[in-house]
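Residues per chain, in single letters:
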Amino acid sequence: MSERWARTALAAYQRFGLLAYPLLGAYVGWRATRGKEDPQRRRERYGFAGQLRPDTRSLVWVHAASVGETAAVVPLVQRIADPDVAVVMTTGTVTSAALVDDRLKGLVIHQYVPLDMKPSVARFLDHWRPDLAIVAESEIWPMTMLELGRRRIPQVLVNARLSDRSFRRWKAAPSLAEALFENLSHVVAQSDVDGERFHLLGARAVAVAGNLKADTTPPPVDPHALQMMKVAVGSRPVWAAISTHAGEEALAATVHETLKGDHPHLLTVIIPRHVDRADELERELVQRGLIVARRSRGDSLAADTDILLGDTMGEMGLYLRLTEIAFIGKSLTGQGGQNPLEAAMLGTAILSGRYVQNFRDAYHRLLTNGAARLVQDAASLCEQVDQLLSETPVRRRMITAGSATVDEMRGALDRTLQALDPFLRPLRLSGRLDSREKALGAP
């Protein structure tokens with residue numbers, strides 16, 4: 001495909017955005033009714049600022065789409081923000097906004113990311129006037145990238161990855177990919193495979209730093225809540241299916257039904273990736289004759305409770321600390337997998353389906369070191385859970401290997417900061433100069 005075709009495609013994308021722009025109010029309003037948008041801050045999605053720009057010369061815009069990406073860049077943002085460099089951080093979901101408020105409150109200004117349409121993006125950039133844009137993982141928004149490029153604002157993609165499907169799609173339109181990726185001042189990739197893919201698609205400066213998720217701290221927990229749950233669980237055997245997608249909860253229920261005869265008082269913890277499915281899941285589990293306790297209702301765990309349904313946000317640290325065995329979802333009936341490193345940090349033997357291409361490097365390391373095992377279906381998942389419940393030494397070896405794997409993967413944060421230094425150092429110098437001028441009373 002030619003360069004001319006790429007320009008035509010991008011122009012068509014922009015025209016479509018302008019035509020759709022007046023109609024988006026209804027769509028954003030619908031998302032707000034489903035809890036996916038903050039109804040009090042909907043205007044931010046159109047680029048209208050919710051706060052004043054801070055009185056600093058230098059400002060960095062950091063964007064992370066959802067909870068996983070946000071958690072990954074929290075340590076990075078903590079190292080970037082200082083009195084000389086302000087940070088405005090955007091996310092795209094209510095849950096990721098809550099995470100920013102919990103972990104970065106007072107350090108950054110949070111805004112919801114503007115819709116990828118020229119009026120919204122231009123309005124956002126006109127107000128905040130960022131000197132640098134840092135984007136996490138795989139967020140490729142054409143109008144945003146082009147508008148940043150037009151204003152000559154450096155764009156850096158950190159913790160960057162490209163799934164197999166995304167790479168195939170971009171590779172099928174090489175001129176379009178190059179027209180966008182050439183706007184990136186630097187790509188800091190998670191793995192050699194990701195780095196090579198970005199390079200092939202037109203990114204000119206590419207470095208490999210590793211996965212920032214390995215440098216995060218384990219998910220936090222309320223000590224009082226954890227103690228109460230541990231008392232309620234007692235000595236019962238426990239395993240968990242976390243970040244599950246449609247179909248995987250039924251597999252977990254089948255495993256529970258199969259094993260509870262050999263493992264009396266077995267407790268299965270199911271944490272769906274999308275908690276808004278909890279009502280539906282409870283109905284399905286109860287129809288199977290299982291006794292379900294829901295965390296969101298504060299249901300107590302009785303001796304005959306089969307399933308603890310973890311239908312709350314921000315409590316993964318609690319659920320993982322209740323078990324030493326975790327199946328990680330979006331890997332059997334879903335595609336792409338979910339982050340396994342939190343489970344490895346918190347001392348669990350990891351089980352997963354084979355569709356983990358979005359976390360290929362992490363799983364490769366975990367599998368090589370003996371910290372994780374792949375399963376193919378409910379039968380093989382049942383077999384693995386049975387063994388890990390029965391054979392403590394095997395389970396403990398996997399847990400030790402998981403901790404060692406995370407340790408060997410650490411260092412991505414320092415390498416990412418090193419890649420960002422040429423962009424951040426001038427901003428800090430500018431900020432210090434501005435502070436000195438103000439202290440001397442310069443106009």
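The structure under discussion appears in the preceding block.
Residues numbered from 1 in each chain as written. Predicted model: local features only at pLDDT ≥ 70, side-chain atom pairs only at ≥ 80, totals over all residues. Heavy atoms only, no water.

Caption draft 1: The arrangement of helix 11 (residues 248–259) in detail. Under the 1.5 Å per step criterion, the end-to-end length of helix 11 is 17 Å for twelve residues, consistent within 8% with the ideal 16 Å. Looking at the buried positions of helix 11, the neighbouring elements they touch are strand 8 (238–244), strand 9 (267–272), helix 12 (278–287), strand 11 (307–309), strand 12 (325–328) and helix 16 (378–390). (Helix = DSSP H or I, 4+ residues; strand = E, 2+ residues; numbered from the N terminus. Expected span 1.5 Å × (residues − 1). Contact = heavy atoms within 4.5 Å.)

Caption draft 2: Up close: the pairing of strand 12. Burial along strand 12 is two-sided: Ile325 and Phe327 and Ala326 and Ile328, pointing in opposite directions, are all buried. With three bridges connecting them, strand 8 and strand 12 associate as parallel partners. By the bridge assignment, alanine 240 is partnered in strand 12 with alanine 326. Pairing geometry for strand 12 and strand 13 (residues 349–352), over four bridges, is parallel. Residue pairing in the sheet places alanine 326 in a bridge with isoleucine 350 of strand 13. (Buried < 20%, exposed > 50% of the residue type's maximum accessible area, 1.4 Å probe, protein only. Pairing = 2+ DSSP bridges.)

Caption draft 3: Quick look at the nonpolar core. Within the largest apolar cluster, 36 residues are counted, with the highest numbers of intra-cluster contacts made by Ile242, Val269, Leu301, Leu308, Leu320 and Ile350. Leave out the neighbours within four places in its chain, and leucine 301 touches Met229, Ala232, Val233, Leu267, Ala293 and Leu308. Ranked by size, the runner-up nonpolar core spans 31 residues in total, among them Ala64, Val77, Leu420 and Leu427. (Core = buried A, V, L, I, M, F, W, Y, C linked by side-chain atoms within 4.5 Å.)

Caption draft 4: Focus on helix 16. Over its 13 residues, helix 16 extends 18 Å from the first C-alpha to the last, a length consistent with the 18 Å expected when each residue adds 1.5 Å. Elements in contact with the buried residues of helix 16: strand 8, helix 11, strand 12, strand 13, strand 14 (372–374) and helix 17 (392–409). You can read the cap of helix 16 off the contacts: a side-chain oxygen lies 3.2 Å from the backbone nitrogen of alanine 379, and it is on aspartate 377. (Polar contact = N/O pair within 3.5 Å; in protein donor to acceptor, adjacent residues only side chain to side chain.)

Caption draft 5: Up close: the sheet that holds strand 12. Here seven strands make up an open sheet; going across it, the order is 10-11-9-8-12-13-14 and the pairing parallel. Looking at which strands have only one partner, the edges of the open sheet turn out to be strand 10 (292–294) and strand 14. This sheet shows a mean twist of 20 degrees between the axes of neighbouring strands, independent of strand direction. As judged from the three bridges shared by strand 10 and strand 11, these two strands associate in the parallel manner. Residue pairing for strand 11: arginine 294 is matched across the bridge by leucine 309. Packing against the sheet, helix 12 makes contact with strand 9, strand 10 and strand 11, and its axis sits at approximately 165 degrees to strand 10. Against the sheet, helix 16 engages strand 8, strand 12, strand 13 and strand 14, with an angle of about 170 degrees to strand 13. (Axes fitted to C-alpha atoms, helices over the stretch in contact; angles between N-to-C directions.)

Caption draft 6: The arrangement of the sheet that holds strand 3 (residues 109–112) in detail. Read from one edge to the other, the open sheet built from seven strands follows the order 3-2-1-4-5-6-7, with strand pairing classed as parallel. In this open sheet, the two edge strands, each paired with only one partner strand, are strand 3 and strand 7 (206–208). Direction aside, the axes of adjacent strands within the sheet are offset by 20 degrees on average. Pairing analysis gives six bridges linking strand 1 (residues 58–63) to strand 2 (residues 85–91), with the strands arranged parallel. Pairing of serine 58 across the sheet is with valine 85, part of strand 2. Across the face of the sheet, helix 6 (residues 142–150) comes into contact with strand 1, strand 4 (132–136) and strand 5 (155–160) while running at roughly 140 degrees to strand 5.

Caption draft 7: A look at the packing of helix 11 against helix 16. Running from amino to carboxyl end, helix 11 crosses helix 16 at an angle of 50 degrees, the nearest separation of the two axes being 9 Å. Judged by the inter-axis angle, helix 11 sits oblique to helix 16. Between helix 11 and helix 16 lies a crossing whose hand is right-handed. Of the residues in helix 16, those touching helix 11 at Leu251, Thr254, Val255, Thr258 and Leu259 are Ala378, Leu381, Cys382, Val385, Asp386 and Leu389. Taken together, the residues of the contact of helix 11 with helix 16 sort by class into eight nonpolar, two polar and one charged. (Parallel < 35°, antiparallel > 145°, perpendicular 65-115°, else oblique. Left-handed = near helix turned anticlockwise from the far one by under 90°. Nonpolar A, V, L, I, M, F, W, Y, C, P; charged D, E, K, R; others polar.)

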